[in-house]
Amino acid sequence: MAEIAYREALRQTMREALIADERVILMGEDVGAYGGSYAVTKGLLDEFGPDRIIDTPISESVIVGCGIGAAMGGLRPLIELMTINFSLLAFDQIVNNAAKLSYMSGGQISVPLIIRMAGGAGSQLAAQHSQSLEGWYAHIPGIKVAVPYSPRDARGLLRTALTEQNPVIIIEHTALYARKGEVPDGDYAIPFGEAEVIRQGSDVTLIGYSGSVFQALQAADLLTESGVEAEVLNLRTLRPLDVGTIVASVRRTNRAVVVEDDWKFGGFAGEISATIMEEAFDDLDAPVARVCGADVPIPYAKELEQAALPSAQQVADAALKLM
Amino acid sequence: MTQLSEHAVPQDLDSSHLVEMLRQMMLIRRFEDKAAEMYARGRIAGFLHLYSGEEAIAVGAINALNDDDHLFTHYRDHGHALARGVDPGRIMAELFGRETGVSRGKGGSMHLFDVERSFMGGYAIVAGHLPLACGMAFANQRLGNGRIVLCVFGDGAVNEGEFHESLNLAAVWKLPVIFLCENNFYGMGTDIRRVSAVIEVYKRAEAYAMPSRQVDGMNVLEMFEATRRAATGVRAGEGPAFLEAITFRFRGHSMADPEFYRRKEETAHWRDLDPINSYRARLQQHGVIDNGTFEELEAGVEAVVNAAAEFAESSPHPGPQSLYEDIYAEEPR
Ligand SMILES: Cc1ncc(C[n+]2csc(CCOP(=O)(O)OP(=O)(O)O)c2C)c(N)n1
Ligand SMILES: [Mg+2]
């Protein structure tokens, strides 16, 4: 077990896959000579050469479509889209092709494709570079969506993705790339659809994923000062969603706060909240609360950007209101 | 256009192959007439896009390829599937939305798939399948399996970004793919001359530094010869090639189209160039077939089409369990 950064966990896991399976290739904008825009693929070109680590034109749609076709043709493509913001140019390929081919073909075609992309805000990159659109992808049957929080998640979820026959989208958080944590080596994998109870508590359940687990954990610390013991869930995958763990926790704590960087209006926090209502209504002592990003394009100025993102204090305050 | 028109028929094709191409064109025409009838009788619903008038393209091009070369096509896909040898009964069953259909009744007319025959599907997002064809060609190139890809689309696709992204990628990576544009001059009701800055589609491909030419899409032998030549270079590793087949669809865009946007005389002009009639005449002129052979072919396709319709009609509807099947592939890879 080593202590490594989130980006390093991703890099090591991809490296192992490239060694283990000839069919694995890595494609994307600036994944090779540049080393990846978040340095996740650094050094891989030198080790595996340009036939395996492939710099593409800035053509998101054909990058993803080419990955789908290559997966249909027997390869195991790993695609990096620089950020989730640019993935919108490939939305057609992801939604209309990757997610549909198995079904439309009556099960004749499978698409074992991994698409990694960076999401989230916090670096003052302004409105076109700071979005959290994972809820849009989670909305779609036919794909799976993983949202690692820790370096351990990053390795474990990517390893599971590498054994999948289906298209998997991995949304990484830009604010987490440099964070370190313990990562088991070897065959360690995290199955999809299994949330982590990252902190135990009996008074309220704080539900987060990716970057928002961080705010939830901080909020749990703040809450102990008020004598409230919060349980914190790290969802790890949005599709499939681990409804069982969410509901079991809420049955114990009788209260829930969902924390998400994304916009509240029409967002994934609403899905979780509705699921709790459907499955555990009688166990709730208070309405489910949502702490989400402000309903605005993400602004540039530091104080405005911070005001637009959920904070640990907001999460703690929301939890206290439920008591 | 091509040199071939000077020759009667390609010297290296034996007469059975020449006749088989006629039979395939007749089968497509008859199959779709039956499909139109079944649509009118409420057996087929949704969009039904007929290929009538364009048969020479699919038959000429697909017969010039190996059986394991991959095909990707658009939603006007019955002709390509039949030319590849996909079972007519299972195609008709798919149009009927039956469990026995090629796509288990989940795709319909626009989404025929037969992976066993390397028929990689019909796609209904204009130009959305060009990137997939690139990816399949990329896999073939990597695996060194000698297979190439034929990617078919309409004139409407050439103004989509995915068209340009795909041609560029295919050219820069020298991918083994033939892009085949079926230029029937209309995208639904929009005349290409009203929406394209350059109406000679093949010229667009020249911008991506690949061999590109215009072919008479009403002439099956020209299609065959042009595709065969393109395939030779593509298979040899020279990179992609582009063909623009000039054609015309005799019927509306889909069954729902009242055809307000074009003149009857225009359609009549093209109907005079019917690819089946002209090919039949050519084969008779050169003594490859006589009236008797033609009648036998007619009776043969009639029987196949009737059997297909009966198979579809007597096939089971999908059961309720089917709804949630095939969303994900289950086996670990
Ligand atoms: C991206 C996209 N935009 C619009 C449509 C609606 N649409 C379906 S077919 C069609 C016309 C396409 O014409 P063309 O490519 O020339 O093919 P043809 O029907 O003539 O064979 C349009 C606009 C679509 N299916 N996909
Ligand atoms: Mg057209």
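Residues numbered from 1 in each chain as written. Chains lettered and ligands numbered in written order. Predicted model: local features only at pLDDT ≥ 70, side-chain atom pairs only at ≥ 80, totals over all residues. Heavy atoms only, no water.

### Remarks on the sheet that holds strand 7 (residues 212-216) of chain B
Residue and element names in this part refer to chain B.
- Here 6 strands make up an open sheet; going across it, the order is 2-1-3-4-8-7 and the pairing parallel. Each having just a single partner strand, strand 2 (119-123) and strand 7 make up the two edges of the open sheet. Sheet twist, expressed as the mean angle between neighbouring strand axes with direction ignored, is 15 degrees.
- Bridge count between strand 3 (residues 149-154) and strand 4 (residues 177-183): 6 bridges; the pairing is parallel. The partner of Phe153 across the bridge, within strand 4, is Cys181.
- Across the face of the sheet, helix 5 (residues 130-143) comes into contact with strand 1 (70-74), strand 2, strand 3 and strand 4 while running at roughly 175 degrees to strand 3. (Pairing = 2+ DSSP bridges. Helix = DSSP H or I, 4+ residues; strand = E, 2+ residues; numbered from the N terminus. Axes fitted to C-alpha atoms, helices over the stretch in contact; angles between N-to-C directions. Contact = heavy atoms within 4.5 Å.)

### Let's talk about a nonpolar patch on the surface
- Together, Leu88, Leu89 and Trp136 of chain A give the surface a local cluster of nonpolar side chains, amounting to about 300 Å² of exposed area.
- With respect to the secondary-structure elements, Leu89 of chain A resides in the loop between strand 4 (76-83) and helix 4 (91-98). (Patch = residues over 30% accessible without salt bridge, like charges linked within 9 Å, V, L, I, M, F, W, Y side chains within 5 Å. Areas by Shrake-Rupley, 256 points an atom, 1.4 Å probe, with all protein chains shown as cover. Salt bridge = Lys/Arg side-chain N within 4 Å of Asp/Glu carboxyl O.)

### Looking at the layout of surface pockets
All names here are of chain B.
- For the largest pocket, the calculated volume is near 420 Å³.
- Lining the largest pocket are 28 residues, and of these Tyr75, Val126, Gly187, Met188 and His253 sit closest to its centre.
- Its residues assigned to classes, the lining of the largest pocket comprises 12 nonpolar, 10 polar and 6 charged. (1 Å grid on protein atoms, 1.4 Å probe; cavity = no way out; pocket = protein on both sides within 12 Å on 5 of 7 lines; lining within 4 Å. Points joined across faces, edges and corners; volume = space filled by probe spheres on them. Nonpolar A, V, L, I, M, F, W, Y, C, P; charged D, E, K, R; others polar.)

### Concerning the sheet that holds strand 9 (residues 196-199) of chain A
Residues and elements named next belong to chain A.
- Overall, mixed pairing links the 5 strands, which are arranged 9-11-10-13-14 in an open sheet. Looking at which strands have only one partner, the edges of the open sheet turn out to be strand 9 and strand 14 (289-293). If you compare each strand with its neighbour and ignore which way they point, the axes differ by 25 degrees on average.
- Looking at chain direction, strand 13 (residues 256-263) and strand 14 are connected through 4 bridges and run parallel. Looking across to strand 14, one finds that Val258 is bridged to Arg290.
- Across the face of the sheet, helix 9 (residues 243-253) comes into contact with strand 9, strand 10 (204-208), strand 11 (230-234) and strand 13 while running at roughly 175 degrees to strand 11.

### What about the coordination of the magnesium ion (ligand 2)?
All names here are of chain B.
- Distances from the magnesium ion (ligand 2) to its protein donors, Asp155 (OD), Asn184 (OD1) and Tyr186 (O), fall at 2.1 Å.
- On the accessibility criterion, Asp155 (4% relative accessible area) is buried.
- Owing to a relative accessible area of 6%, Asn184 belongs among the buried residues under this scheme. (Donors = N, O, S within 2.8 Å, 3.2 Å for Na, K, Ca; no water. Buried < 20%, exposed > 50% of the residue type's maximum accessible area, 1.4 Å probe, protein only.)

### A short note on the nonpolar core
- Of all hydrophobic cores here, the largest spans 94 residues; its most connected members are Met72 and Ile276 of chain A together with Phe72, Phe153, Phe179 and Phe242 of chain B.
- Two domains each put at least three residues into this core: domain 1 (2-183) and domain 2 (196-322) of chain A.
- Residues in contact with Ile276 of chain A, not counting those within four places in the same chain, are Ile207, Ile246, Val250, Ala256, Phe281, Leu284 and Val288 of chain A.
- Ranked by size, the runner-up nonpolar core spans 67 residues in total, among them Met26, Leu27, Ala36 and Ala226 of chain B. (Core = buried A, V, L, I, M, F, W, Y, C linked by side-chain atoms within 4.5 Å. Domains from an automatic or database assignment.)

### A closer look at helix 10 (residues 268-280) of chain A
Residues and elements named next belong to chain A.
- The first and last C-alpha atoms of helix 10 sit 18 Å apart over 13 residues, in line with the 18 Å expected at 1.5 Å per residue.
- Among the residues making up helix 10, those that are buried are Phe268, Ala269, Ile272, Ser273, Thr275, Ile276 and Ala280. Seen along its axis, helix 10 keeps its buried residues to an arc of 160 degrees; they face one direction.
- In this structure, the buried side of helix 10 is in contact with helix 6 (134-138), strand 10, strand 12 (237-239), helix 9, strand 13 and strand 14. (Expected span 1.5 Å × (residues − 1). Arc of directions from axis to C-beta.)

### So, helix 9 of chain A
Residues and elements named next belong to chain A.
- Those residues of helix 9 that fall on the buried side of the exposure criterion are Ile246, Val247, Ser249, Val250 and Thr253. Take helix 9 and look down its axis: the buried residues cluster within an arc of 165 degrees, on one side only.
- Residues of helix 9 that are buried make contact with strand 10, strand 11, strand 13 and helix 10.
- Asn254 lies just past helix 9 and shows a positive phi near 65 degrees.

### What about the domain arrangement of chain A?
Residue and element names in this part refer to chain A.
- For chain A, the assigned domains read domain 1 (2-183) and domain 2 (196-322).
- Centre-to-centre separation of domain 1 and domain 2, based on C-alpha positions: 26 Å.
- Summed over the three residues of domain 1 that lose the most area to domain 2, namely Gln124, Val147 and Tyr149, the buried surface amounts to 29% of that side.
- Here domain 1 is connected to domain 2 by 1 salt bridge.
- Put simply, Arg236 and Asp153 hold a salt bridge, and the shortest N to O gap is 2.8 Å.
- Here domain 1 is connected to domain 2 by 14 residue pairs in polar contact (both at pLDDT 80 or more).
- Of all the secondary structure elements, the ones that give two or more residues to the side of domain 1 that touches domain 2 are helix 6, strand 6 (144-146) and helix 7 (151-162).
- Grouping the constituent residues of the side of domain 1 that touches domain 2 by class yields 16 nonpolar, 9 polar and 5 charged. (Buried area = accessible area lost by both parts, 1.4 Å probe. Polar contact = N/O pair within 3.5 Å; in protein donor to acceptor, adjacent residues only side chain to side chain.)

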